[in-house]
Structure formats: C-alpha cells, structure tokens
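Residue strings, one per chain:
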Amino acid sequence: MLETCSATSAEADATSAPGGSVASEIVNELERERALLEIDQRLSRMLDLTLDALDAEIGSVLLVSSDCRMRIVAARGLPSEVVRNTCMELGEGISGHVALTGEGLLVRNVESDDRFRRQNRERYYTPSCVSAPLLVEGAVRGVLNVSNKRDRSRFGLPELALTARVGADVARILTPTELGQWCLSSLRGVRIGTPPRD
C-alpha cells in the first residue's frame, strides 16, 4: 500500500501528533549545533536523531545536485559501496519519486506496492519504509529515508508525519548558498567539510 502526504499536511499532522514535539526537538537541537558543523555533518546528525526518534537502524539523506541527480551524503546501515555509487535520477525509485513529487511517502510493503515492487533486500527486516522531501525555500533539495525499525514492526502514519516534519523544517539548518556550494563540490567529487582525495 502506498500512502503519501504533502509537506504541509504532514507538518500539521506531526505538530498535533505525539511525535510532533519530537520532530521540533530534533530541528531545535540541529539549530543549536549549526555553527559548529559543516553541511554534511549537520545532515548526518539529522539522520542520527531521526533514526533514534523512530527507533530505526537504516537511513539515508540524498541531496539533489546541480546536474539534477541525487547522491547520498549521509547514511547509516548501508554498505559503503552503495553509499559511494548511488546516483539516482529524479523520479527513480522511492527517493526519486519523493524528490519529484515533493510529498512524503509511506510504503507499507515494497514487495507488493505496484509503483515500487521489488524483492526486499536481505539487510531489511521489514518491507516498509518512510521517505520525506527536504525543503529549502519551498524547493525540494533532497530526501530523507528511514527503514528497519528495531522491533521489526512496520512504519505507519505517525512515523511518516515525524519524518516529513523534519524534512519540512530542514531550511532552518541549511541555506541555499550552502546547498549551492555542495552541488558544485559534489560534481568535482569533493564534499563540503571533507578533505579532497588525492
């Protein structure tokens, strides 16, 4: 089953739901740390806090670069080769769909969902996941993905709402200028805040 919600409705749901205060706490903590962290460190921290709040083990943050492709800038629980080699088109897979539509997405079962049907990979306990757009000045600049709840239960609307709220508030910790710099550096194979490779 595929469920979507717009960023505004998800944000409203997250505010009124019990997890709404948790989403606010995540973004507030990131705001406090903003001056101390580079862009990729902020996104890694955002991912860690979101995974902790949802009691999940696998997650990723992808940003849209200036060539309109998506690359992973932060990940937990994914093989290093997946992180290094992932380069997705807008509209491709779950992350690409979220980036293209600008709407959060709850996939209850990736194996039976007509839009994304594929065999669940061995590293995932359950076939469900949540994904939300990262919005800066009203534009989708990336995607936040979360899967593998530690208790092996499936995700539901409260988890989608929390993830979407974090994504909707990401503008408080990222600026368009920083994202523009990241886009340029990503095409050269160098991430902001990471020493260039020889």
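Each chain carries its own residue numbering, running from 1 in the direction its sequence is written. Residue-level local features of this predicted model are given only where pLDDT is at least 70; pairs of side-chain atoms are given and counted only at 80 or more, and the full residue set underlies all totals for whole chains, interfaces and linings. Derived side-chain values reflect all non-hydrogen atoms in the structure, with water molecules and hydrogen atoms excluded from consideration.

> Can you help me understand the overall build of the chain in this one?
Scanning the chain from terminus to terminus reveals 7 helices and 7 strands. Segments assigned H or I by DSSP are reported as helices when at least four residues long, segments assigned E as strands when at least two residues long, and all are numbered from the N terminus. Order of helices (α) and strands (β) in the chain, N terminus to C terminus: β-α-α-α-β-β-α-β-α-β-β-β-α-α. In the chain, buried positions account for 51% of the 198 residues. Pairs of residues are marked as contacts when any of their non-hydrogen atoms sit within 4.5 Å. For the chain, contacts bridging at least 24 residues in sequence account for 63% of all contacts bridging at least 6. In short, Shrake-Rupley with a 1.4 Å probe defines the accessible areas, and a residue's cover is counted only from the protein chains shown. Total accessible area on the chain is roughly 9,400 Å²; 48% of this is exposed by carbon and sulfur atoms. Only protein chains enter the accessibility calculation, which uses a 1.4 Å probe; a residue is then buried when its area is under 20% of its type maximum, exposed when over 50%, and partly exposed in between.

> Would you take a moment to explain the pairing of strand E2 (residues 56-64) for this structure?
Regular strands have side chains that alternate between both faces of the sheet. Along E2, 8 of the 9 residues are buried, which leaves the element largely enclosed by surrounding structure. For two strands to be treated as a pair, DSSP must find no fewer than two bridges joining them. Relative to strand E7 (residues 139-149), E2 runs antiparallel, the two sharing 7 bridges. Looking across to E7, one finds that Ile58 is bridged to Ser147.

> How should the environment of Gly142 be read in this particular structure?
Mapped onto the elements of the fold, Gly142 is located in strand E7. You can call Gly142 buried: its relative accessible area is 0%. Sequence-wise, Gly142 and Val73 are 69 residues apart; in three dimensions their C-alpha atoms are separated by 9.8 Å. With residues near it in sequence (within four places) discarded, Gly142 still touches Leu62, Leu63, Val64, Ala132, Pro133 and Leu134.

> Explain the pattern of salt bridges here, please?
Criterion for a salt bridge: a side-chain nitrogen of Lys or Arg within 4 Å of a carboxyl oxygen of Asp or Glu. Inspection of the entire model under this criterion finds 12 salt bridges. When the shortest N-O distance is used, the salt bridge between Arg45 and Glu33 registers 3.2 Å. Taken together, the residues Arg45 in helix H3 (residues 39-54) and Glu33 in helix H2 (residues 20-33) connect sequence positions 12 residues apart. A residue is classified by how much of its surface remains accessible, and Arg45, at 27% relative accessible area, is partly exposed. For Arg150, the salt bridge identified is with Glu57, shortest N-O distance 3.9 Å. One end of the pair, Arg150, is in the loop between E7 and helix H6 (157-168); the other, Glu57, is in strand E2, with 93 residues separating them in the sequence. By relative accessible area, Arg150 is classed as partly exposed at 40%.

> Explain unusual backbone geometry here, please?
When glycine is set aside, most residues are seen to have a negative phi, and most peptide bonds are trans. Positive phi, close to 50°, is recorded for Glu137, a residue that is not glycine. Structurally, the position occupied by Glu137 is in the loop between strand E6 (129-136) and E7.

> Please explain H6 as it appears in this structure.
It helps to recall that an α-helix has 3.6 residues per turn; residues three or four apart then point in one direction. With 12 residues, H6 should cover 16 Å at 1.5 Å per step; its first-to-last C-alpha distance of 16 Å lies within 8% of that length. Buried residues dominate H6, accounting for 10 of its 12 residues. Among the residues of H6, those classed as buried are Glu159, Leu160, Ala161, Leu162, Thr163, Ala164, Arg165, Val166, Gly167 and Ala168. In a helix, the anticipated span is given by 1.5 Å times the number of residues less one.

> Would you mind showing me how to read helix H5 (residues 93-101) here?
Among the residues of H5, Ile94, Ser95, Gly96, His97, Val98 and Ala99 are the ones counted as buried. Buried residues along H5 sit in contact with E2, strand E3 (69-76), strand E4 (87-89), strand E5 (103-107), E6 and E7. Just downstream of H5 lies Gly102, where phi reads positive at about 75°.

> Is there a simple way to think about the packing of H3 against H6 in this case?
A packed helix pair is summarised by two numbers, namely the angle formed by the two axes and the spacing between the axes. Lines fitted to C-alpha atoms define the axes, with helix axes restricted to the stretch in contact, and inter-axis angles between N-to-C directions lie between 0 and 180 degrees. Close contact between H3 and H6 brings their axes to 11 Å; oriented N to C, the two are set at 160°. Our classification of the angle between H3 and H6 gives roughly antiparallel. Seen along the crossing, H3 lies across H6 with a hand that is right-handed. Listed contacts from H6 to Met46, Thr50, Ala53 and Leu54 of H3 are Glu159, Leu162, Thr163 and Val166. Amino acid classes used here: Ala, Val, Leu, Ile, Met, Phe, Trp, Tyr, Cys and Pro are nonpolar; Asp, Glu, Lys and Arg are charged; the rest, including Gly, are polar. A breakdown of the residues in the contact of H3 with H6 according to their chemical character gives 5 nonpolar, 2 polar and 1 charged. Oblique is the label for any angle not covered by the other classes, which are roughly parallel (under 35 degrees), roughly antiparallel (over 145) and roughly perpendicular (65 to 115). Here is the rule for handedness: rotate from the far helix to the near one, and if that takes an anticlockwise turn smaller than a right angle the crossing is left-handed, while a clockwise turn gives right-handed.

> I would appreciate a short explanation of the confidence of the model for the chain in the present structure.
Caution applies to low-pLDDT parts of the model: their predicted coordinates are not meant to be read in detail. The predictor attaches a confidence to each residue, called pLDDT, with possible values from 0 through 100. Chain-level pLDDT for the chain is 79 on average; 74% of the residues reach the 70-or-more range. Ignoring residues within four places in sequence, the model shows residues 4-18, a span with pLDDT below 50, making 24 contacts including any to other chains.

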